[in-house]
2 protein chains.
Amino acid sequence: MFPQDSAHLTSCTLKTMGNSPAGRISVGRISDGRVGVGVLGCGHVGSAFLDLLAQQQSEIAERTGLFLAVQQVAVRSVSRDREVPLDDGVLTTDAMSVVNDPATDVVVELIGGIEPARELVMSALRQHKPVITANKELLATYGAELYAAAEDAGVDLLFEAAVGGGIPVVRLLRASLVAEPILRVMGIVNGTTNYILSQMTERGVSYHDALADAQSLGFAERDPSADVEGFDAAAKASIIATITFGAWVGAGSVYREGISGITAADIADARQLGYAIKLLAVAERVGEVDNKPELAVRVHPAMVPVDHPLASVRDSFNAMFVEGMAVGDLMFYGRGAGGRPTASAVLGDLVDAANNLRRDTFSSLGVLSEAGVSCIDDLESEYYINMEVTDRPGVLAAVAGVFGSHRVSIRSMEQAGLGDQARLVFITHRASERDVQATLGDLRELDAVRSVPAFLRVVG
Amino acid sequence: MFPQDSAHLTSCTLKTMGNSPAGRISVGRISDGRVGVGVLGCGHVGSAFLDLLAQQQSEIAERTGLFLAVQQVAVRSVSRDREVPLDDGVLTTDAMSVVNDPATDVVVELIGGIEPARELVMSALRQHKPVITANKELLATYGAELYAAAEDAGVDLLFEAAVGGGIPVVRLLRASLVAEPILRVMGIVNGTTNYILSQMTERGVSYHDALADAQSLGFAERDPSADVEGFDAAAKASIIATITFGAWVGAGSVYREGISGITAADIADARQLGYAIKLLAVAERVGEVDNKPELAVRVHPAMVPVDHPLASVRDSFNAMFVEGMAVGDLMFYGRGAGGRPTASAVLGDLVDAANNLRRDTFSSLGVLSEAGVSCIDDLESEYYINMEVTDRPGVLAAVAGVFGSHRVSIRSMEQAGLGDQARLVFITHRASERDVQATLGDLRELDAVRSVPAFLRVVG
């Protein structure tokens, strides 16, 4: 399975191998098993991918008989100095010419964003060329159209790198569990927010300090809203829901809350109650309406019991927790981002697509059904609710009365005095989001309630 | 992806569905996509498999176009009352006739043990019939012959259920990571021992009490040696090493130590030092000798840092920690045993094999290379060593002198007094097993050392 020299392929030697003649990606034609690869984009992931392919090219050829030859690489500017091992003349600024080139058998799209990625991918699929993409935004927005185009053309549209970086979760959800009805998938799918929440938990720092720390380490963007407001996680939730349940769910249908409202006090409360706070992407089947599956798909911070496997996923790691009907609970854990893990996922897809091309077959998602997506108001969950109240007789009775009037049953309550104020922390029994929201609305009307009550959903 | 009524398929209704007419496994012939399944064995896993197939048969047909029809089921005795949903005449005691039946397209072997399983599987493969098996003992003993027979016949030999129960780790190691050189796999692959060690850690009970508890719950056999002495884990380590590195490693080449020597004091020491004790199956590539990969494959209890993902795998759960060159660290977690998780893995394999049969292809392991398996003496690791000594001046100097004379460097030491005795606990820097064993040998010769020193390997 390994070539003779692979024992020497340590991570220390890898960086330089790409520039050595032995590691150079060959673009020469071979008659048997040669697959022409057109690469769109050569940024962080693109260069890691080209580097990894350079290292693995001969080994893949030995193990599979497939020679993955990079035909052209579309870049924004050919003049920029690159450390990527490419022959002269491979770089071009004309991405569409890469797609259209008859020598391009497979297209690897690593540009990101909607346009021109969408037009390029659609064009490739219409030309019956398989596409590998890491573009979660594109799939979460135009997935229905793209999956249908791939199905019509009978070619692969593979996207392992779009969710969970190097964790092979797309492959598993698409194929491995075909005999296993999946009830629910819960994922920690955004490394930046998991890093921030881990720092808040382990070092007791505030949200803003943890964010600044993540920014200084390059884990978070200067404008962090795509991560911290849950947009990135919502795009991934859309993809997860679509492949798990075989029904199209666009990012616009995903309920979304970010972590910017989480305070150090929430984290401390959660710890004391035996929970960790995690930003979760959840996709679950909740029922059926008019013969269509009804799904609930949402992204929000949640209280996860400390002994749940998701609670121990720290730093910028990702994990996907899958609840199957027969198999029970599974979890897949690994690096959710980074050039090399993502490149590994892209290369794995490329090998699959090339193999399928040779066998004249493809991985079908089937015809996606329409799904109903339930409203967040219909969610049933336990809730964590905290508020600051004036510490005087009768306040707890008034607060408890509001819960009772909306049929929200309290499982536990903790009270901590703060001078003439008290902090009340409640965990409810299972209740509907609608009733909890109505409770919160009424609580805000109480004179004794001094802060707007905050709440988090509790994962059982 | 889901049939109309699957929303009602909760775990509560599943048990009875198998006996309802709707859930009955049909053995009628259909002209298109019908795959005749011969099942060998109908014990715990066999009946769970038949039950799951009965539930999923129509859904699999809808999603894949494959109708998996149970042709015959070989059992030890047809008279035993069974709750399995089978038509009359499907049961037989003649297992070889099931294999030979022209209507049997795929064989599912769930008998276990070496014979007659080996003869039946070989016979099926020679008849170009794909085989699904959950039989780790068979694969770890006669795998070389069986994989070669499957390769020669050009048919599937699939065994997801043999390692990690319902966790799709075999599939991942075989296929997903084809573009990813794997450096090391470390697994918690035996649920019984993980349950015992978890009980010792969390409840502070002795090994014997934890074992008795596991036996009373049915997690451990009356003769627990296959589990607690590491034989089961060694068989799985053999399979993991073979598929990960593409080189045949039989169970006989796997170094093996069990957990029966682990004491409550070891667990307490480990905790205090920031480690959990886990029984690990480890397969890693350590180098190359005469153009053959050199592997280290071993099963032993190990000290795992508490913040390592494997440390949080509790109860009877299994997990596989995979270190890839580009992808970094991955972990796959789930139920490693039990009828339904195992049945889910078998059914997933059956769907794959049936799909491959229709496409006239198969999952090849390739030609297995020969591997050198390195001796445990050549292991380099950190070590935990403890001993009881007479508490008198000069003892620590004598003990330290023995370490030094074998070039074993001490990273940390803790001493606890016990009257005229002291307990010394050492963690070494990285050292060779050979040197550590020599150190232990010399320590035993010291007058002041009152107990035979015990040691555990520390995972970094």
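The model shown is predicted, which means the values in this text are computed figures rather than measured ones.

Colleague: I keep staring at the overall build of chain A and nothing clicks. Help me out?
Modeller: Along its length, chain A carries 14 helices and 20 strands. Compactness check: chain A gives a C-alpha radius of gyration of 25 Å against a globular reference of 23 Å for 460 residues, within 12% of the reference. If one aligns the C-alpha atoms of chain A with their principal axes, the spans along those axes are about 85 × 50 × 40 Å. Burial statistics for chain A: of 460 residues in total, 59% are counted as buried. The long-range fraction of contacts in chain A, counting pairs at least 24 apart against all pairs at least 6 apart in sequence, stands at 73%. Computed over 38 positive and 58 negative side-chain charges, the inter-centroid distance for chain A is 2 Å.

Colleague: Would you mind going over the environment of Glu145(A) with me for this structure?
Modeller: Residues and elements named next belong to chain A. Mapped onto the elements of the fold, glutamate 145 is located in helix H5 (residues 136-153). Each C-alpha atom, one on glutamate 145 and one on isoleucine 132, is 16 Å from the other, the two residues being 13 residues apart in sequence. Setting aside anything within four residues of it in sequence, one finds glutamate 145 in contact with Arg118 and Met122. Looking at glutamate 145, its side chain comes within polar contact range of the side chain of arginine 118, at 3.1 Å.

Colleague: Sorry, what's going on with the relation of the copies chain B and chain A here?
Modeller: Between the two copies of this chain, the relationship is a rotation about some axis together with a displacement along it. Superposition of chain B onto chain A requires a rotation of 180° combined with a translation of 0.0 Å along the rotation axis, giving an RMSD of 0.0 Å. Look at the turn and shift together and you get a two-fold axis relating the two. Every residue of chain B has its C-alpha some distance from the rotation axis, and the shortest such distance is that of Phe332(B), at 2.3 Å. Comparing interface residues between copies, 100% of those in chain B also sit at the interface in chain A, which points to an isologous, same-surface contact.

Colleague: How should I be thinking about the nonpolar core in this particular structure?
Modeller: Side chains of nonpolar character tend, in soluble globular proteins, to be buried together. Residues Leu157(A), Phe159(A), Ile196(A), Met303(A), Ile196(B) and Met303(B) are the most contacted members of the largest nonpolar core, which totals 161 residues. Among all residues touching Met303(B), those that are not within four sequence positions of it are Ala270(B), Leu273(B), Tyr275(B), Ala276(B), Ile277(B), Tyr384(B), Ile427(B), Leu456(B), Arg457(B), Val458(B) and Val459(B).

Colleague: Hey, could you run me through the interface of chain B and chain A in this one?
Modeller: Many structure descriptions define interface size as the accessible area lost when the parts assemble. Taken together, the contacts link 58 residues of chain B with 58 residues of chain A. Taking both partners together, chain B and chain A bury about 4,800 Å²; carbon and sulfur atoms supply 59% of that area. The tally of links from chain B across to chain A stands at 2 salt bridges. Between Asp307(B) and Arg314(A) there is a salt bridge, with the nearest N and O atoms lying 3.9 Å from each other. Where chain B packs against chain A, one counts 9 residue pairs in polar contact (both at pLDDT 80 or more). When residues of the side of chain B that touches chain A are traced back to their parent elements, those giving at least two are helix H2 (44-64), helix H6 (169-176), helix H10 (231-245), strand S10 (275-289), strand S13 (328-335) and helix H12 (339-359) of chain B. When its residues are assigned to classes, the side of chain B that touches chain A shows 31 nonpolar, 16 polar and 11 charged. Pairing between strand S13 (residues 328-335) of chain A and S13(B): 5 bridges, direction antiparallel.

Colleague: Sorry, what's going on with the sheet that holds strand S5 (residues 131-133) of chain B here?
Modeller: Strand-to-strand pairing in sheets goes through backbone hydrogen bonds, with the strands running parallel or antiparallel. All names here are of chain B. Strands sit in the order S3-S2-S1-S4-S5-S6 across an open sheet of 6 strands; the sheet is parallel. Across the chains shown, the open sheet's two edge strands, defined by having one partner strand only, are strand S3 (91-92) and strand S6 (157-158). Pairing analysis gives 7 bridges linking strand S1 (residues 34-40) to strand S2 (residues 67-74), with the strands arranged parallel. Note on S2: the bridge partner recorded for arginine 34 is phenylalanine 67.

Colleague: Quick question: what am I supposed to make of the pairing of strand S16 (residues 380-390) of chain B here?
Modeller: Consecutive residues of a regular strand have side chains that alternate between opposite faces of the sheet. Residue and element names in this part refer to chain B. The element S16 is extensively covered by neighbouring structure, given that 9 of its 11 residues are classed as buried. One ladder, built from 2 bridges, connects S16 with strand S19 (residues 431-432); its direction is antiparallel. By the bridge assignment for S19, glutamate 380 is matched with serine 432. Pairing analysis gives 5 bridges linking S16 to strand S20 (residues 454-458), with the strands arranged antiparallel. Residue pairing for S20: isoleucine 385 is matched across the bridge by phenylalanine 455. Across 7 bridges, S16 lies against strand S18 (residues 421-428) in antiparallel orientation. From the neighbouring strand, methionine 387 faces S18, where its bridge partner is leucine 424.

Colleague: Would you mind showing me how to read the confidence of the model for chain A here?
Modeller: Where the model shows low pLDDT, its predicted coordinates should not be examined in detail. Residues and elements named next belong to chain A. Looking at chain A, pLDDT values average 87 and 91% of them are 70 or higher. Note on residues 1-31: pLDDT is under 50 here. Beyond four places in sequence and across chains, it has 69 contacts. Interface confidence for the predicted complex, given as ipTM, is 0.85, next to a pTM of 0.88.

Colleague: I tried to follow the sheet that holds strand S3 (residues 91-92) of chain A on my own but got confused; where do I start?
Modeller: Strand order across the open sheet formed by 6 strands is S3-S2-S1-S4-S5-S6 (chain A), with parallel pairing between neighbours. A single partner strand is all that each edge strand has here, and the edge strands are S3 and strand S6 (157-158) of chain A.

What counts, and at which threshold
Residues numbered from 1 in each chain as written. Chains lettered and ligands numbered in written order. Predicted model: local features only at pLDDT ≥ 70, side-chain atom pairs only at ≥ 80, totals over all residues. Heavy atoms only, no water. Helix = DSSP H or I, 4+ residues; strand = E, 2+ residues; numbered from the N terminus. Rg over C-alpha atoms; globule rule 2.2 N^0.38 Å. Buried < 20%, exposed > 50% of the residue type's maximum accessible area, 1.4 Å probe, protein only. Contact = heavy atoms within 4.5 Å. Lys, Arg positive; Asp, Glu negative; His and termini not counted. Charge placed at Lys NZ, Arg CZ, Asp CG, Glu CD. Polar contact = N/O pair within 3.5 Å; in protein donor to acceptor, adjacent residues only side chain to side chain. Least-squares fit on C-alpha atoms with pLDDT ≥ 70 in both. Core = buried A, V, L, I, M, F, W, Y, C linked by side-chain atoms within 4.5 Å. Buried area = accessible area lost by both parts, 1.4 Å probe. Salt bridge = Lys/Arg side-chain N within 4 Å of Asp/Glu carboxyl O. Nonpolar A, V, L, I, M, F, W, Y, C, P; charged D, E, K, R; others polar. Pairing = 2+ DSSP bridges. pLDDT = per-residue confidence, 0-100.

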